Amino acid sequence: MNKQELALQLFDLGVLQFGSFTLKSGLQSPFYLDFRKIIAYPHILKEISEQLWELTKSLPVDHICGVPYAALSLSSTMATMHDKSMIVKRKEVKKHGTKKIVEGVFEKGDTCVVIDDVISSGISMIETLEILEQEGLKIDHVLAIVDRQQGGKDALEKHDYQVHCVYTVGEILDILLAGEKITQQQYEDTLDFIHENHISFEALRRRRLKKVAFRYSSIERQVEHPTTKKLLKIMSRKRSNLCCSGDVKTKAELLALADKVGPHICMLKTHIDNIQDFDADLPVQLKALAQKHNFLLFEDRKFADIGHIAMQQFTAAPLSIADWADVVTVHVIAGSSSVEALKATGKLDNTALIVVAEMSTKDTLTSEDYVEQAFDIALRQRDVVMGVVAQRHRPKDAELMLFSPGINMATKGDAHGQTYNHPQKAFSDRGVDVMIVGRGIYLSEDPATTAAEYQKVGWQAYLDSLPSRQ
Ligand code: S5P
């Protein structure tokens, strides 16, 4: 079957449709391409896969990857017919088992060609490519059945990908007109639509960022503590959901780390009682760095004693946490009186609390019931509580911020019970607002670059998680 015959058959099967359709971008289109249908027609699936293979076969690639769902059948047909390795980028991250984002067998540095059915704005393709590249795959070529000629190809080429398509919409229209499948009017209307509706990739990204702002402002309307508002502003301005946990041992190490990761984080978390050479100058210097790079100081003291003692621990010298920390954690194992006691110090005007509702360790004792009650205390004390630390989804309707430690892109746990998730999973499955990363950053060879990577992956995962969260 040649390209012309194939296009005519695609029309007859309703894969190419004319009418009025709303696209993912919100645009009203006079035509729609529904390639998900082709799985019902094996001979057509084979024909299209062969056309795509013709574009692929001379490319030096190790793997074929189809973008779910429409292109999965195409990539598997091509891989099977031509004995090629296939990989899949998951649409949703698995909740159990391997928790992988990309399935298949590959090495870092392997080359891959990525296939989608249609290229419109290019945004979903570029986001897929970014994720595959973060997994170590090298991608130079991108394939699609149809280029809608609405800007996606240009956007991809600007990002240095070579784009190969079986058809442009213009070519399809020519074939359908010659085959008397569409009228001259439909032909012209569709061409006009294409020319008038270039989808700007940048504009689409801007629109999605506005959604982020909306999400934050919906929390913001309900928050009472000024530090929460400050954090939300920092996050959207810096496009960072990253809190770096600076669990190092000395003052010099902590200050050096803060200066390196500062541009990429919204919060620096400390365990200040672990700093061997702590002196009163450390908070002063940390504050200066927080101002320089615009992040909050988050002291993870995890008060857990009776209120009377927690009050002393919060205010007592030499650490004087209440005088410099923007945020401090508290367990509610002793009940809501812990929060009330901290409030009674009169020091929570500028310092907000985060309730540790659930721990990330594999044998944590924070049971279902405990977590629920801790969420409840946090909610009731919203005037001073910014949010909760937990490993599960935010409580329904509770506009508390959700902080999640136990995040690492390179490993699944440590030798002492810590368990890790990938940022993508935390954001997409649980609606996390801020991810807390310690060793994943400060033990890396280049903490600044690693923090930048976590920032990028985390923010993208957050953007991706938006539709299901609004
Ligand atoms: O459940 C928890 C709560 C917290 S605050 N699990 C945690 O790991 N944390 C903190 O997050 C912990 O105290 C440490 O400072 C950080 C995780 O560090 P990492 O090196 O394992 O990323």
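Residues numbered from 1 in each chain as written. Predicted model: local features only at pLDDT ≥ 70, side-chain atom pairs only at ≥ 80, totals over all residues. Heavy atoms only, no water.

**Here we look at a negative patch on the surface**
Point 1. On the surface, E188, D189, D192 and E196 cluster together into a negatively charged patch.
Point 2. Structurally, the position occupied by D192 is in helix α7 (residues 184-196). (Patch = residues over 30% accessible without salt bridge, like charges linked within 9 Å, V, L, I, M, F, W, Y side chains within 5 Å. Areas by Shrake-Rupley, 256 points an atom, 1.4 Å probe, with all protein chains shown as cover. Salt bridge = Lys/Arg side-chain N within 4 Å of Asp/Glu carboxyl O. Lys, Arg positive; Asp, Glu negative; His and termini not counted. Charge placed at Lys NZ, Arg CZ, Asp CG, Glu CD. Helix = DSSP H or I, 4+ residues; strand = E, 2+ residues; numbered from the N terminus.)

**Focus on α7**
Point 1. Between its first and last C-alpha, α7 extends 18 Å over 13 residues, near the 18 Å set by a 1.5 Å rise per residue.
Point 2. Those residues of α7 that fall on the buried side of the exposure criterion are Y187, T190, F193 and I194. Projected down its long axis, α7 shows its buried positions confined to an angular sector of 135°, all on one face. Exposed positions of α7 whose direction lies more than 90 degrees from the buried face are Q185, H195 and E196.
Point 3. Among the structural elements, β1 (16-22), β2 (28-33) and α6 (169-178) are those in contact with the buried residues of α7. (Expected span 1.5 Å × (residues − 1). Buried < 20%, exposed > 50% of the residue type's maximum accessible area, 1.4 Å probe, protein only. Arc of directions from axis to C-beta. Contact = heavy atoms within 4.5 Å.)

**A short note on the packing of helix α12 (residues 307-315) against helix α14 (residues 337-344)**
Point 1. It is at 8 Å that the axes of α12 and α14 come closest, and there the two elements cross at 45°. Relative to α14, α12 is oriented oblique. Handedness of the crossing formed by α12 with α14: right-handed. Of the residues in α14, those touching α12 at G307, A310, M311 and F314 are S337, A341, L342 and A344.
Point 2. Partitioned by chemical class, the residues of the contact of α12 with α14 number six nonpolar, two polar and no charged. (Axes fitted to C-alpha atoms, helices over the stretch in contact; angles between N-to-C directions. Parallel < 35°, antiparallel > 145°, perpendicular 65-115°, else oblique. Left-handed = near helix turned anticlockwise from the far one by under 90°. Nonpolar A, V, L, I, M, F, W, Y, C, P; charged D, E, K, R; others polar.)

**Let's talk about the site of the ligand**
Point 1. Near the ligand you find 17 residues, and of these D247, K269, S360, Y420 and R439 are the closest.
Point 2. Interatomic distance of 2.9 Å between a backbone N/O atom of G438 and an oxygen atom of the ligand.
Point 3. Burial of the ligand by the surrounding chains reaches 92%, relative to a free accessible area of 490 Å².
Point 4. Of all the secondary structure elements, the ones that give two or more residues to the shell around the ligand are β11 (296-303) and β16 (434-437).
Point 5. Grouping the amino acids of the shell around the ligand by side-chain chemistry returns six nonpolar, five polar and six charged. (Near = heavy atom within 4 Å. Polar contact = N/O pair within 3.5 Å; in protein donor to acceptor, adjacent residues only side chain to side chain.)

**A closer look at the packing of helix α10 (residues 251-261) against helix α11 (residues 281-293)**
Point 1. Following both chains from N to C, one finds α10 and α11 inclined at 5°, their axes separated by 10 Å at the closest point. By the angle class used here, α10 and α11 are roughly parallel. Where α10 approaches α11, its residues K251, L254, L255, A258 and D259 are matched on the opposing element by D281, L282, Q285, L286, L289, K292 and H293.
Point 2. Within the contact of α10 with α11, the residues separate by chemical class into six nonpolar, two polar and four charged.

**Regarding the sheet that holds strand β14 (residues 385-389)**
Point 1. Taken in spatial order, the eight strands of this closed barrel run β9-β10-β11-β12-β13-β14-β15-β16, and their pairing is parallel. In this sheet, neighbouring strand axes are inclined to one another by 30° on average, regardless of whether the strands run parallel or antiparallel.
Point 2. As defined by bridge partners, strand β9 (residues 242-245) adjoins strand β10 (residues 267-270) across three bridges and the pair is classed as parallel. Across the sheet, the residue bridging to C243 is M267, located in β10. (Pairing = 2+ DSSP bridges.)

**Here's the deal with the side chain of H271**
Point 1. With respect to the helices, strands and loops of the structure, H271 is situated in the loop between β10 and α11.
Point 2. Polar contacts involving the side chain of H271 include one to the side chain of K269, which spans 3.3 Å.

**Overview of the nonpolar core**
Soluble globular proteins tend to bury their nonpolar side chains together.
Point 1. The biggest cluster of nonpolar side chains holds 60 residues, and the ones touching the most others in it are I272, L286 and L353.
Point 2. Ranked by residues supplied to this core, first place goes to helix α15 (residues 368-380) with six residues.
Point 3. Discounting residues that sit within four places of it in the chain, I272 has contacts with L254, F278, L282, L286, E299, L319 and W324.
Point 4. Judged by nonpolar contacts, the second largest core, of 37 residues, contains L10, L52, V146 and V169. (Core = buried A, V, L, I, M, F, W, Y, C linked by side-chain atoms within 4.5 Å.)

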